[in-house]
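# Results of the structural survey
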Amino acid sequence: MPEWLQAGGWGLLGGAALVVGAAVAWFVPVPAKVVATVMAFGSGVLISALAFDLAQEAADTGGLVPTVGAFLAGAVVYLAANLVLARRGARYRKRSGDQQPSEAEQGGSGAAIAIGALLDGVPESVVLGVGLLGGRGVSTAVVAAVVISNVPEGLSSVAGMKRAGRSAGYVFGVWGAIAVLSAAAAAVGYLALGSASPQVVAAITALAAGAILTMIADTMIPEAFERTQLYTGLVTTLGFLVAFTVSRLGG
């Protein structure tokens with residue numbers, strides 16, 4: 001199988017986890033505290049993968065200063081895009097409560113939420129696609145982090161969408177499209193960077209990692225803390241340790 005197609009497959013796997021979470025939230029009344037607990041755990045898993053699989057590898061390949069610069073640039077780009085979307089109704093797109101506005105309350109919020117969900121997923125997909133460059137396999141820890149974190153993301157966001165009166169067509173249309181676009185982003189990332197130098201690949205990896213960390217702090221941890229309160233730190237730490245252990249055993 002061509003490696004660009006493999007990259008697309010890994011991206012599709014990450015996007016499919018969002019669809020699974022969305023389906024569970026739509027058909028099963030999952031308690032908000034359960035969603036928040038899994039969200040906190042997923043945050044810890046992602047943070048570990050960023051630190052030990054993405055940022056460290058980027059620094060080893062591209063150097064510390066370029067990695068720091070690209071990581072910060074990714075955070076700034078994500079923040080800028082998120083600020084624009086927040087003004088259009090997508091600020092609480094991962095909240096499971098009644099914070100999401102309905103279309104009647106804020107026109108265009110449905111589109112903004114959909115774009116925001118895509119914004120959250122693309123950096124993860126690019127990371128999965130880039131991981132195959134140079135004959136490397138995709139990191140088990142990174143794949144696990146994306147899948148484990150995406151299920152509660154889909155759960156929480158769709159629970160909020162349902163409360164806001166979004167239709168099933170809208171909900172599954174959004175997440176189905178994001179799964180397909182995640183696959184495309186991973187495949188395009190692989191194809192676009194296939195002839196790039198290791199330093200450029202390292203910079204792109206750091207850029208995506210900076211965006212992912214900003215997404216965790218802006219959208220995932222607030223939802224987790226709202227429901228789990230003082231237990232958020234402990235659950236996040238457990239997620240971090242599980243991912244760290246997987247990374248060490250896989251290495």
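Structural notes, computed from the coordinates. Owing to the predicted nature of the structure, the values given are computational and were not obtained by experimental measurement. (Residues numbered from 1 in each chain as written. Predicted model: local features only at pLDDT ≥ 70, side-chain atom pairs only at ≥ 80, totals over all residues. Heavy atoms only, no water.)

What follows deals with the overall build of the protein. When helices and strands are tallied, the protein shows eight helices and zero strands. Across the protein, helices and strands are ordered from the amino to the carboxyl terminus as α-α-α-α-α-α-α-α. A globule of 251 residues ought to have a C-alpha radius of gyration of about 18 Å, and the protein, at 17 Å, matches this closely. Across its three principal axes, the protein shows a C-alpha extent of roughly 50 × 35 × 35 Å. Long-range pairs, those at least 24 residues apart, make up 84% of the contacts in the protein with a sequence separation of at least 6. With an accessible surface of roughly 11,000 Å², the protein has 70% of that area assigned to carbon and sulfur atoms. (Helix = DSSP H or I, 4+ residues; strand = E, 2+ residues; numbered from the N terminus. Rg over C-alpha atoms; globule rule 2.2 N^0.38 Å. Contact = heavy atoms within 4.5 Å. Areas by Shrake-Rupley, 256 points an atom, 1.4 Å probe, with all protein chains shown as cover.)

As for its position among the elements, Thr 67 is in helix H3 (residues 64-90). Not counting residues within four places of it along the chain, the set of residues in contact with Thr 67 comprises Ala 55, Ala 58, Ala 59 and Ala 206.

Now for the side chain of Ser 48. Counting through the fold element by element, Ser 48 comes out in helix H2 (residues 32-62). Of the residues examined, Ser 48 reaches a relative accessible area of 1% and is grouped as buried. When neighbours within four sequence positions are excluded, Ser 48 is seen to be in contact with Asp 53, Phe 240, Ala 243 and Phe 244. (Buried < 20%, exposed > 50% of the residue type's maximum accessible area, 1.4 Å probe, protein only.)

On to the environment of Leu 155, then. With respect to the helices, strands and loops of the structure, Leu 155 is situated in helix H5 (residues 140-163). Relative accessible area serves as the criterion here: at 9%, Leu 155 is assigned to the buried category. For the pair Leu 155 and Leu 13, spaced 142 residues apart in sequence, the C-alpha separation works out to 16 Å. Those residues in contact with Leu 155 that lie beyond four places of it in its chain are Gly 21, Ala 22, Val 24, Ala 25, Val 30 and Val 35.

A cluster of nonpolar side chains, Met 1, Trp 4, Leu 5 and Leu 191, forms an exposed patch at the surface whose accessible area comes to about 450 Å². Here Met 1 shows up in the segment before helix H1 (3-27). The class for Met 1 is exposed, based on a relative accessible area of 71%. (Patch = residues over 30% accessible without salt bridge, like charges linked within 9 Å, V, L, I, M, F, W, Y side chains within 5 Å. Salt bridge = Lys/Arg side-chain N within 4 Å of Asp/Glu carboxyl O.)

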